Amino acid sequence: MHTTFLYKSDPERGRQWAEVFRRREPAIDFRIWPDIGDPAQVRFLAAWEPPADLSARFPRLEVLFSSGAGVDQFDFAALPPQLPVVRMVEPGIVGGMVEYVTHAVLGLHRDMPRYRRQQAEGVWQPLPVRPAGQRRVGVLGLGSLGQAVLAQLVGLGFDCAGWSRSRHAVDGVKCHASADELPGFLARTDILVCLLPLTDSTRAFLDARLFSMLPKGAGLVQVGRGPQLVDADLLSALDSGQISEAVLDVTDPEPLPAAHAFWRHPNIQLTPHIASMTQPLSAAEAVLDNLRRFEAGEPMVGLVDRGRGY
């Protein structure tokens, strides 16, 4: 059976995917949007934003792959209800997130934001140094990214805990689950890392009520999605000292308007959604592995549960 794999995302990355496909699966007709060939032959689509009317446009489409780690950009109501949707799980995304979060946590742990402010003011003032074992780090979200981040932080000696809606077990990590256990998780967290997916239940999750349950002076690392954070509540928490420092890689909207207070707040470090990026070569390899799984009737890695939204 003729198989067309259609890629609809960044064309430069698509050309790198194409080389991997040609080398490993030359029988697959790999095409980059808008060169779709015969739409009736498209069985697989990888996209960040899929085209409208998928059922009518591609009547034999069997799987939709997200070209990135998230799927919150998809309008599931507009997708064929039976169509499997697969988010990107590949080593490049995981490695990049581990690097970014580790850097952010270590920076907060060793007071680097304060030292930068002291440098700007010409102040030479050593601050007390606490061992990692005395710093309690909590990670919201225990998926593949959260677990990889926690493994690195545990290895550095931090006192680590994690929280998710469902129960998990992670070596060296105190795992919490459900809304009932969220307050206890927050109460023991000096540095909070948000790696939650964006769903209806996580919109505005990082709000004044949540911040109030953290120890006074806690740090925040937000690498989930922008709409999870209530901007005004974070600014208030920073101004009151409830939150001491915030590292933000995601915002709502992106990019932030020039007049937004986050740009100039002395206790906010801002990066432009670069914590983790899909690496084209390893992403193509991951998709090919999932195609093999699909054809063999095996579960695909990253298959989305539409009821949960991730």
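Here is what the cut-offs are and how they apply
- Residues numbered from 1 in each chain as written.
- Predicted model: local features only at pLDDT ≥ 70, side-chain atom pairs only at ≥ 80, totals over all residues.
- Heavy atoms only, no water.
- Helix = DSSP H or I, 4+ residues; strand = E, 2+ residues; numbered from the N terminus.
- Buried < 20%, exposed > 50% of the residue type's maximum accessible area, 1.4 Å probe, protein only.
- Contact = heavy atoms within 4.5 Å.
- Areas by Shrake-Rupley, 256 points an atom, 1.4 Å probe, with all protein chains shown as cover.
- Axes fitted to C-alpha atoms, helices over the stretch in contact; angles between N-to-C directions.
- Parallel < 35°, antiparallel > 145°, perpendicular 65-115°, else oblique.
- Left-handed = near helix turned anticlockwise from the far one by under 90°.
- Nonpolar A, V, L, I, M, F, W, Y, C, P; charged D, E, K, R; others polar.
- Phe/Tyr/Trp six-rings, centres within 6.5 Å; stacked < 30°, edge-to-face > 60°.
- Expected span 1.5 Å × (residues − 1).
- Salt bridge = Lys/Arg side-chain N within 4 Å of Asp/Glu carboxyl O.

(A) Seen up close, the overall build of the protein. Along the protein, the regular secondary structure elements total nine helices and 12 strands. For the protein, buried positions account for 48% of its 310 residues. Long-range pairs, those at least 24 residues apart, make up 62% of the contacts in the protein between residues at least 6 apart in sequence. Accessible area of the protein: about 14,700 Å², with a carbon and sulfur share of 54%.

(B) Looking closely at the packing of helix H3 (residues 91-109) against helix H5 (residues 144-155). Here H3 crosses H5 at 50°, and the two axes come no closer than 9 Å. Classified by the angle between their axes, H3 and H5 sit oblique to one another. The element H3 and its partner H5 pack so that their crossing is right-handed. Packed against H3, whose contacting residues are Ile93, Val94, Met97, Val98, Val101, Thr102 and Val105, the element H5 presents Leu145, Ala148, Val149, Gln152 and Leu153 at the interface. In the contact of H3 with H5, the residues fall into 10 nonpolar, two polar and no charged.

(C) Quick look at the packing of aromatic side chains. Applying the stated criterion to the full structure yields 11 aromatic pairs. Ring plane angle 10° and centroid distance 5.6 Å describe the contact between Phe5 and Phe30, whose orientation is recorded as stacked. Separated by 25 residues along the polypeptide, Phe5 in strand S1 (residues 4-8) and Phe30 in strand S2 (residues 29-32) bring together distant segments of the chain. Across this residue pair, the class does not change: Phe5 and Phe30 are buried. Put simply, the rings of Phe5, Tyr7, Trp17, Phe21, Phe30, Phe44, Phe65 and Phe294 touch in pairs and so form one group of aromatic residues.

(D) Layout of helix H9 (residues 280-295). Helix length check: H9, at 16 residues, gives a terminal C-alpha distance of 22 Å against a target of 22 Å (1.5 Å per residue), a fit within 8%. Of all the residues in H9, the buried ones are Pro280, Ala283, Ala284, Ala286, Val287, Leu288, Asn290 and Leu291. Considering only its buried residues, H9 is in contact with S1, helix H1 (11-24), strand S3 (42-47), strand S4 (63-66) and strand S5 (85-86).

(E) Focus on the environment of Gln242. Mapped onto the secondary structure, Gln242 falls in the loop between helix H8 (231-240) and strand S11 (243-248). For the pair Gln242 and Val230, spaced 12 residues apart in sequence, the C-alpha to C-alpha distance is 15 Å. Ignoring sequence-local partners within four residues, the contact set of Gln242 consists of Phe211, Ser212, Leu214, Pro215, Lys216, Gly217, Ala218 and Ala237.

(F) A look at the pattern of salt bridges. One pass over the structure, following the stated rule, counts 19 salt bridges. A salt bridge links Arg24 to Glu285, with the nearest nitrogen and oxygen atoms 2.2 Å apart. On the criterion of sequence distance, the pair formed by Arg24 in helix H1 and Glu285 in helix H9 is long-range, its members being 261 residues apart. For the salt bridge of Arg188 with Asp159, the shortest nitrogen-to-oxygen distance reads 3.0 Å. Residue Arg188 is found in the loop between helix H6 (182-187) and strand S9 (191-194), and its partner Asp159 is found in strand S7 (residues 159-164); the two are separated by 29 residues along the sequence. Salt bridges sharing partners connect three or more residues here, namely Asp289, Arg292, Arg293 and Glu298.

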